[in-house]
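# An overview of the molecular structure
If you want the building blocks of each chain, they are given just below.
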Amino acid sequence: MKKIEYSAIKGNSLGYYGLLGGLGLLMLIGLLAVWHMEHQGHWVTGMNNQIVWGMPHVFAVFLIVAASGALNVASVASVFRKEEYEPLARLSGLLAIALLAGGLVVLLLDLGRPDRLIVAMTYYNFKSIFAWNIILYTGFFAIVGIYIWFMMDHNMYKFKKTAGMAAFVWRLILTTGTGSIFGFLVARSAYDAALLAPMFIVMSFAFGLAIFILVLMASYHWSGRELGDEIVARLRNLLGVFIAAVLYFVAVYHLTNLYITEHHGFEKFILMEGGSYTKIFWIGQIILGGLIPLALVYAPGVKNCRKTLSLICALVILGGLATMYTVIIAGQAYPLQIFPGYEVTSSFFDGVVNDYTPSIYEIALGVGGVAVSLLIVAFVIKVLPFLPKSLADSK
Amino acid sequence: MSANKSKVAVNNSRRAFLSKTASTAGMITIAPGVLLHQVANAKPDDQPISEKVRWGMLIDTNKCEKGCTDCIDACNAEHSLTDNGRPESDTQYIRKVTLRDKSTGHELSLPLMCQHCETAPCVDVCPTGASFTRKDGIALVDKHICIGCRYCMMACPYKARSFVHEAVKNQTLSAPRGKGTVESCTMCVHRVDKGETPACVEACSKGMHDAMIFGDLNDPNSKISKSLAQYGGKQLRADLQLNTAVRYRGI
Amino acid sequence: MTNRFLRITFLLVGLGLLYPVLGSADTPKPVIHEPEGEGVKCVHPEEEMKRNHMNYILHQRDDTMYDGIRTEKHSLANCIDCHVQPGKDGKIASIETEEHFCKGCHEYAAVTIDCFECHADRPQKFINRGGKNNASLQQDLQTMLSAGTASGDQ
């Protein structure tokens, strides 16, 4: 195999600075939104005592799930020894770290007391899956960081495979942990399923890869480097498989739920009677985020069309956000079943489906987190040799 | 003993004073026995609580009047829970729930608050350990290390917890609370530690409803244990096996 | 090129980090109002309190939270009860102003504490909550008791 040459992008064009500026602006808007939220208190957001977690969590969990998925390309190269993916491994690792960082920033800034970060890092309740996640995230940074170092350092190159394996195992645990954040909430009908963790893993494959492909195509296009159809086609097919797998898991999830009488109420809600929640599920998650991109992947005539591929990726990302919305928000909107057999009313919204209207502040915070991730990528590929000089087709 | 006596007197007249509706004369004659018993059992201020005690509450829904909010009003005053006119985000430690049996149409009403589970989901999920159960079974938030992540609220099967969505002013000295942390019914620890009953229970018996009994579930001779032994009482979501300290009768 | 880019970035970040140091120059010396009156003394000698007051209250905090220990001596409520009294103008200093016992000194020492986001910054009897609450009830109770009546609010 020929030796791959990497180099940092030049990044001195107006476009590059424009990109940094634009992302920086989004980040700044996000910070202003946070300042407002924290100063006023969370009542200015759409979140309340009924919908406890809102848009920030939709973005944060999406980014965290996508982060572990973005590492997939590197894993395919190092763990499954597909050498074609080798040149992409560095970017894959970088994107994984960047997405995780973006997600965590959002999660952190939405806390009621972000000023108590030091408390979050010094007090641990080891029974809490949340606390375990903090360890998993920190470990992820460390392991992927080391992995990238080994990939870039000739002296350490021999340990690269081991590090890649460790990173792969770690990312599986990490996504299991993220899925379990919800899986452990036995009190809520939506989350009472063992399937949640594996479903999150499969989703991470799809979301992470979609973002990876977009970032890859954008960086090669804008830096004027060559990106061959061969490698793009491979990624595209892989994405197709992942989208199909996600659809399969979602189907199994709801079918098993339909099997359990206790969950009939929730299924009826999400599949049929949930108003906007039902719409977001069917239109956002299933049709736009699953069926259409799946069809486009295998559609004849647009095989090597980069625009179509961008559209596919964008749809998968949109569908990913819709999925998180359904899991997180709709899962809370459905009333708790405290008194089976009774019709329930109270001053605290018992027994009713809760409304949720996200505020611009929450959305700005979420988008700010995405901007942070992309800013990290844009910055690092300029100062370190992450991208191969050329990814033109071999021969 | 004389110290005890004066304490009784103070407590007693405070109760009398609190009463807006009930006939106060009646109260004064009922109350002393109850209070004497409780003050005699009070833990000295400098002694730690022990697991020998498990505080609990029994709510008799047959006696709970529909539309009555005595317990809630007392709770709100005790903890300075302010009404900001935003019911979705305002804190409620206790809420009145109206239930209608789907098959018979029978209606009943009950106060719902933190059930003070023995194996509390909120405690299990809390990343910093701010959610904890005291040795005597009261589930609390240590607001000094709560980071406001709200995972406990996601985990609670009773929706018993509230997040403080806006800055609080003019708190009472005994019930500190502030923006950005999670809170819920504390079973009035600050009163219980001093040998008093929770504000809601006190208000309920003052209002002559007597729908709430407070006491030690571990003591077979306590009023609550006897009543439970004689007439029974249910846990909400008993299927989750959380061993709640709040029990209900009549559902 | 890349080097200049890096240098500028680090410069900006560095300036940001330095800001709190540069920004907080010359705070005037605090005026500490101590409780007055015959034989009124702090719970420990003054020097000890100056140095270690936080240890006492932070320790008490955990004792109260976890063990239900309700002794008065080191309780925050007690500090406030004694230390926060109306000034000569009859007004109570709020924690937002330097006149508050726990604020002026901290401002001078550049210490920020969040305690009073939750804890009352003044004794119960000075808390005005509009409606009848525990505080006003207790206050009324005192008047009632001293007047020798114990028969309700008629």
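Below, the structure is looked at part by part. (Residues numbered from 1 in each chain as written. Chains lettered and ligands numbered in written order. Predicted model: local features only at pLDDT ≥ 70, side-chain atom pairs only at ≥ 80, totals over all residues. Heavy atoms only, no water.)

### A short note on the sheet that holds strand 9 (residues 246-249) of chain B
Residue and element names in this part refer to chain B. Selection criterion: A pair of strands is treated as paired once DSSP finds two or more bridges between them. Numbering of helices and strands runs from the N terminus, with a helix taken as a DSSP run of H or I at least four residues long and a strand as a DSSP run of E at least two residues long. Angles shown run from 0 to 180 degrees and are taken between the N-to-C directions of axes, each axis being a line fitted to C-alpha atoms and, for helices, limited to the stretch in contact. For this analysis, residues touch if any pair of their heavy atoms sits within 4.5 Å.
Taken in spatial order, the three strands line up as 8-1-9 in an open sheet, and their pairing is mixed. Two strands close off the open sheet at either side, each with one partner strand: strand 8 (212-216) and strand 9. When strand polarity is set aside, the average angle formed by the axes of neighbouring strands in this sheet is 20°. Where strand 1 (residues 55-60) lies against strand 9, four bridges are found, and the strand directions are parallel. Bridging from a neighbouring strand, aspartate 60 pairs with arginine 249 of strand 9. Lying over the sheet, helix 8 (residues 223-231) contacts strand 1, strand 8 and strand 9, oriented at roughly 115° with respect to strand 8.

### A short note on the interface of chain A and chain B
The line we're drawing: The quantity reported as buried area is the accessible area (1.4 Å probe) lost by two parts once they are put together, taken as the sum for both. Salt bridges are defined by distance alone: a side-chain nitrogen of Lys or Arg within 4 Å of a carboxyl oxygen of Asp or Glu. Between N or O atoms, a polar contact is any pair within 3.5 Å; within protein, one atom must be a potential hydrogen donor and the other a potential acceptor, and residues adjacent in sequence are included only when both atoms are from side chains. Only Asp, Glu, Lys and Arg are considered charged, only Ala, Val, Leu, Ile, Met, Phe, Trp, Tyr, Cys and Pro nonpolar, and every remaining residue, Gly among them, polar.
On the chain B side, the residues contacting the 53 residues of chain A number 54 residues. Of the roughly 4,700 Å² buried at the junction of chain A and chain B (both faces included), carbon and sulfur atoms supply 57%. Contact with chain B buries area across many residues of chain A, yet A:Asn49, A:Tyr342 and A:Phe348 alone supply 15% of it, more than any other trio. Applying the counting rule to chain A against chain B returns four salt bridges. Residue A:Asp350 pairs with B:Arg95 through a salt bridge whose shortest N-O separation is 2.5 Å. On the surface where chain A and chain B come into contact, there are 34 residue pairs in polar contact (both at pLDDT 80 or more). Within the residue set of the side of chain A that touches chain B, elements represented by two or more residues are helix 1 (14-40), helix 5 (117-122), helix 6 (129-152), helix 7 (160-183) and strand 3 (342-346) of chain A. Ranked by residue count, the leading element in the side of chain A that touches chain B is strand 3 of chain A, at five residues. Split by residue class, the side of chain A that touches chain B holds 26 nonpolar, 18 polar and nine charged. In the sheet, strand 3 of chain A pairs with strand 2 (residues 95-101) of chain B via five bridges, with the strands oriented antiparallel. Opposite A:Val344, over in strand 2 of chain B, you have B:Leu99 as the bridge partner.

### Topic: the environment of C:Lys50
Its place among the elements puts C:Lys50 in helix 2 (residues 46-67). Between the alpha carbons of C:Lys50 and C:Cys105 there is a distance of 10.0 Å; along the sequence they are 55 residues apart.

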